[in-house]
Every structure is written in C-alpha cells, then in structure tokens.
Amino acid sequence: SGGSALDVYGGYAKSNDIEHNTVEISSGTARSVYGGESDGTGKAKDNTAKLTGGTLTGDIFGGSAKNGDAVENIVNIEGGSTSNHDAYGGFSTNGNATGNTVNITGGSVRNVDGGRSASGNATGNIVNIGSADAAFGGSITGIINGGSGTTYGKDYRTGNTLNVYGNVAAPN
C-alpha cells in the first residue's frame, strides 16, 4: 500500500509453470503488474492481477508466458489508472492465450485484450465491462478485443466474448 515499485509479480518462474498466484495494487505507483509470469517454457495458469487504486505506468497482466500458454488468468480493474497502457487477461509471446478474462468496473485503461498471443492463437477469452450491479464508472480510451495477436493466419476470433453492462464508449 503506497510507495512505488518497478514490476510487481504475484508469482514468477524462470522456466517452469506458474499457477494460482494473486497480486493486488491498491495505492502508490508501479510499472507493470503480473498475476503470474513464466519466463521460460512453462505455462501461466489461473493467476490474477487486481487494480483497485494507484497508478500503473505500464501494462497489467493476469498471466504472461514467454514460450508456454497463458490459460485461465484474470485481470480485475476496479479503480486506479493504467490510462496510457493496456490490460491483458492472458498474454503469450510464443504460445496460445486461452480462456482468460478481463473484468473492468472502474478505473482507467487504454487497450483491453482478454487474451493476446504474438505467435499463437487467442481463443475463448472474455472481456466484461461494467457489472449487473452498478453502472460502469471507468474509462477505456483504446481498443477492446476478446482475443488478439500479430501473426497472420492464427485464430483470434473463436469463442472470444465481450460483455457490456451499462454505457461504455471505446474507439472500436
């Protein structure tokens, strides 16, 4: 609570799987936040990053995997700011991003990706904006994607879902 940090991790693995970790930022300043990150061949599964206050000067990731899959990770943004940066439920550089979720009920963020893969598929991801219980009180200034990536011919469409509760405006 309070203070400042560079990157903040709920869990980190140099080469193995990283699973079942949680991190929450409620005040202060941090660069990027990772529920869990696997920097080798392991997968990132069932990790959660939560922002309820404070400011991020980088991106927020539920789970991130360099050479493995990002599976069933979650980002919850309820307050705070990542206004010049992005939110990724799951992110993989060389694997697939599958079954990840981003929930935004407040705060500010630029781009939102349920799942993103630089060279694999991004499928079955969910983005929830607002909630059935309260009006959306946040700000999204960029693009909202259920799944996205950078490699032509990969699947970024199958099973991705965007749920909007209340009034939300975004450029796309």
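Fair warning: this is a prediction, and the values are worked out from it, not measured in the lab.

Visitor: Help me understand the sheet that holds strand E5 (residues 22-25), please; the structure alone is not making it clear to me.
Guide: The strands making up a sheet associate through backbone hydrogen bonding, with each pair oriented either parallel or antiparallel. Here we have six strands laid out as an open sheet, ordered E5-E9-E13-E17-E21-E24, and parallel in their pairing. A single partner strand is all that each edge strand has here, and the edge strands are E5 and strand E24 (161-164). Each strand of the sheet is rotated relative to its neighbour by a mean of 10°, with strand direction disregarded. In this structure, strand E21 (residues 126-129) lies alongside E24, joined through four bridges in parallel fashion. Each residue of the ladder has a partner; that of Ile126, found in E24, is Thr161.

Visitor: For this particular structure, what's the right way to read the packing of aromatic side chains?
Guide: Ring pairs (aromatic) are described by centroid distance and by the angle formed between their planes. If you walk through the whole model with that rule in mind, you get six aromatic pairs. With a centroid separation of 5.4 Å and an interplanar angle of 70°, the aromatic rings of Tyr9 and Tyr12 are classed as edge-to-face. Centroid distance Tyr88 to Phe91: 5.4 Å. Interplanar angle 65°. Geometry classified as edge-to-face. Across the pair, exposure class does not vary: Tyr88 and Phe91 are buried alike.

Visitor: Is there a simple way to explain unusual backbone geometry in this structure?
Guide: Glycine aside, the phi torsion of most residues is negative, and most peptide linkages are trans. Unusually for a residue other than glycine, Asp46 sits at a positive phi of about 55°. Along the chain, Asp46 turns up in the loop between strand E8 (44-45) and strand E9 (48-51). Of the residues examined, Asp46 reaches a relative accessible area of 32% and is grouped as partly exposed. The backbone phi angle of Glu72 is positive, close to 60°, even though this residue is not glycine. By the secondary structure assignment, Glu72 is in the loop between strand E12 (70-71) and strand E13 (74-77).

Visitor: Sorry, what's going on with the environment of Ser83 here?
Guide: With respect to the secondary-structure elements, Ser83 resides in the loop between strand E14 (81-82) and strand E15 (87-92). What Ser83 contacts, discounting residues up to four positions off in sequence, is Ser108, Val109, Arg110 and Thr141.

Visitor: What am I meant to see in the side chain of Asn125 here?
Guide: Structurally, Asn125 is set in the loop between strand E20 (122-123) and E21. A polar contact is formed between the side chain of Asn125 and the backbone oxygen of Thr123, at a distance of 3.2 Å. Sequence-distant contacts of Asn125, defined by excluding residues within four places in its chain, comprise Ala97, Thr98, Gly99, Asn100, Gly114, Gly115, Gly146, Gly147, Gly159, Asn160 and Thr161.

Visitor: Sorry if this is basic, but what is going on with the side chain of Thr123 here?
Guide: Mapped onto the elements, Thr123 comes out in strand E20. Here Thr123 falls in the buried class, since its relative accessible area comes to 17%. In this structure, Thr123 is in contact with Ala97, Thr98, Gly99, Asp155, Thr158 and Asn160, ignoring residues within four places of it in sequence.

Visitor: What's the story with the environment of Asn76 in this structure? I'm lost.
Guide: Along the chain, Asn76 turns up in strand E13. C-alpha of Asn76 to C-alpha of Gly53: the two residues are 23 residues apart in sequence and 11 Å apart in space. The residues touching Asn76, leaving out its near neighbours within four places in the chain, are Thr48, Ala49, Lys50, Leu51 and Asn103.

Visitor: Sorry if this is basic, but what is going on with the pairing of E9 here?
Guide: Side-chain direction in a regular strand flips from residue to residue, so the side chains alternate between the two faces of the sheet. Alignment of E5 against E9, held across four bridges, turns out to be parallel. Its bridge partner lying in E9, Thr22 is registered against Thr48. Pairing of E9 with E13 involves four bridges; the strand directions are parallel. By the bridge assignment, Ala49 is partnered in E13 with Val75.

Reading the values: rules and limits
Residues numbered from 1 in each chain as written. Predicted model: local features only at pLDDT ≥ 70, side-chain atom pairs only at ≥ 80, totals over all residues. Heavy atoms only, no water. Pairing = 2+ DSSP bridges. Helix = DSSP H or I, 4+ residues; strand = E, 2+ residues; numbered from the N terminus. Axes fitted to C-alpha atoms, helices over the stretch in contact; angles between N-to-C directions. Phe/Tyr/Trp six-rings, centres within 6.5 Å; stacked < 30°, edge-to-face > 60°. Buried < 20%, exposed > 50% of the residue type's maximum accessible area, 1.4 Å probe, protein only. Contact = heavy atoms within 4.5 Å. Polar contact = N/O pair within 3.5 Å; in protein donor to acceptor, adjacent residues only side chain to side chain.

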